[in-house]
Amino acid sequence: MFTWNIPATKPIGSNADDPLASSSSESLSDMEDGSGPESQLTKCPAGKKFCKGSLLEAQKPTMPCHICCGELDFCRHCSCILCCRNVRSAFGGYSYFRCEAPVSEAYICGHVAHLDCALRCFLAGTVGGVFDIDAAYYCRRCDARSDLVPHATNLLEICKSIHSGANMEKILKLGICILRGTNREPAQVLLRQIETAYYKVCILLPTILCVDM
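Scope of this entry: the structure provided in the associated data block. No experiment lies behind these values; they were computed from the predicted model shown. (Residues numbered from 1 in each chain as written. Predicted model: local features only at pLDDT ≥ 70, side-chain atom pairs only at ≥ 80, totals over all residues. Heavy atoms only, no water.)

1. Considering the pairing of strand β3 (residues 124-127)
Piece 1. Pairing of β3 with strand β4 (residues 133-138) involves three bridges; the strand directions are antiparallel. Of the residues in β4, the one forming a bridge with V127 is I133.
Piece 2. Between β3 and β4, which pair antiparallel one after the other, the connecting turn spans five residues, and G129 there sits at a positive phi close to 70°. (Pairing = 2+ DSSP bridges. Helix = DSSP H or I, 4+ residues; strand = E, 2+ residues; numbered from the N terminus.)

2. Topic: the sheet that holds strand β5 (residues 145-147)
Piece 1. Taken together, the three strands give an open sheet; going across it, the order is β3-β4-β5, and neighbouring strands pair in antiparallel fashion. At either end of the open sheet lies a strand with only one pairing partner, and these are β3 and β5. Within the sheet, the average angular offset between the axes of one strand and its neighbour, ignoring direction, is 50°. (Axes fitted to C-alpha atoms, helices over the stretch in contact; angles between N-to-C directions.)

3. Considerations on the layout of surface pockets
Piece 1. Approximately 260 Å³ is the volume attributed to the second largest pocket.
Piece 2. Taken together, 15 residues line the second largest pocket, and the ones lying closest to its centre are K52, L56, H77, S89 and Y96. (1 Å grid on protein atoms, 1.4 Å probe; cavity = no way out; pocket = protein on both sides within 12 Å on 5 of 7 lines; lining within 4 Å. Points joined across faces, edges and corners; volume = space filled by probe spheres on them.)

4. What to know about unusual backbone geometry
Piece 1. Phi is positive for C84, which is not a glycine, with a value near 70°.
Piece 2. Examined against the element boundaries, C84 turns out to sit in the loop between α1 (53-59) and α2 (90-93).
Piece 3. The backbone phi angle of F122 is positive, close to 60°, even though this residue is not glycine.
Piece 4. By the element assignment, F122 lies in the loop between α3 (115-120) and β3.
Piece 5. In this structure F122 comes out as partly exposed when scored by relative accessible area, which is 43%. (Buried < 20%, exposed > 50% of the residue type's maximum accessible area, 1.4 Å probe, protein only.)

5. Observations concerning the packing of helix α4 (residues 149-159) against helix α5 (residues 165-179)
Piece 1. Where α4 meets α5, the closest approach of the two axes is 10 Å, and the angle between their N-to-C directions is 160°. With respect to each other, α4 and α5 are oriented roughly antiparallel. The chirality of how α4 crosses α5 is left-handed. Contacts from V149, H151, A152, L155, L156, I158 and C159 in α4 reach M168, I171, L172, L174, G175, I178 and L179 in α5.
Piece 2. Residue classes in the contact of α4 with α5 are distributed as 12 nonpolar, two polar and no charged. (Parallel < 35°, antiparallel > 145°, perpendicular 65-115°, else oblique. Left-handed = near helix turned anticlockwise from the far one by under 90°. Contact = heavy atoms within 4.5 Å. Nonpolar A, V, L, I, M, F, W, Y, C, P; charged D, E, K, R; others polar.)

6. Concerning the packing of aromatic side chains
Piece 1. Under the criterion given, the structure shown has two aromatic pairs.
Piece 2. Relative to Y137, the ring of F97 has its centre 5.2 Å away and its plane inclined at 55°; by these criteria the two rings are tilted. Taken together, the residues F97 in strand β1 (residues 96-98) and Y137 in strand β4 connect sequence positions 40 residues apart. (Phe/Tyr/Trp six-rings, centres within 6.5 Å; stacked < 30°, edge-to-face > 60°.)

7. Here we look at the pattern of salt bridges
Piece 1. Applying the stated rule across the entire model yields six salt bridges.
Piece 2. Taking the shortest distance from any N to any O, the salt bridge between R98 and E100 comes out at 3.1 Å.
Piece 3. The class of R98 is buried, set by a relative accessible area of 12%.
Piece 4. Residue class for E100 comes out partly exposed when judged on its relative accessible area of 38%.
Piece 5. The closest approach of N and O atoms between D116 and R120, which form a salt bridge, is 3.3 Å. Taken together, the residues span about one helical turn, with D116 and R120 both in helix α3 at a distance of four residues.
Piece 6. Through salt bridges that share partners, K60, R98 and E100 make up one connected network. (Salt bridge = Lys/Arg side-chain N within 4 Å of Asp/Glu carboxyl O.)

Set out below in structure tokens:
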């Protein structure tokens, strides 16, 4: 199985009790749609039934890739480049990011990654050192950096159409993890908005409901 040799595991010293810590990919599985047998229409290498690879390729052609995409069960449109598991489209695909950085005049990168995996591998959020990203995503395939503020902004919009407090909590947590530690003023403003929403939905509202009972 192809691997970038960067384990998508929880970093040593992380606080498992932190209420705003990034939740694991497995804990999000109950929110995500399933995959099925390989579709004769899309012929997805990862066997995902509703792969949108053909549609995405028609919109923006992706770069030739013989590294990860050389694996028989890997699909750049469906498979996380860090853990090789399928990404899911639940709630607008909030849990993953697709790198659309141009790699030439004709192609974009097109590889996807779970944001949870990227956060654990220090490839998303605000990280110093060699990656040097601020509320951004560093693509392990093409080495491009992409702004994650628009994605985090969309998380708030997604929550407006969700009625489940548990699902909203997971989405808002992801937004907080993406923006935490940022030095960019617009990202800091957005972080405060998401933290306020998290407090109201996940802390204040349950407390009020308990008092009423």
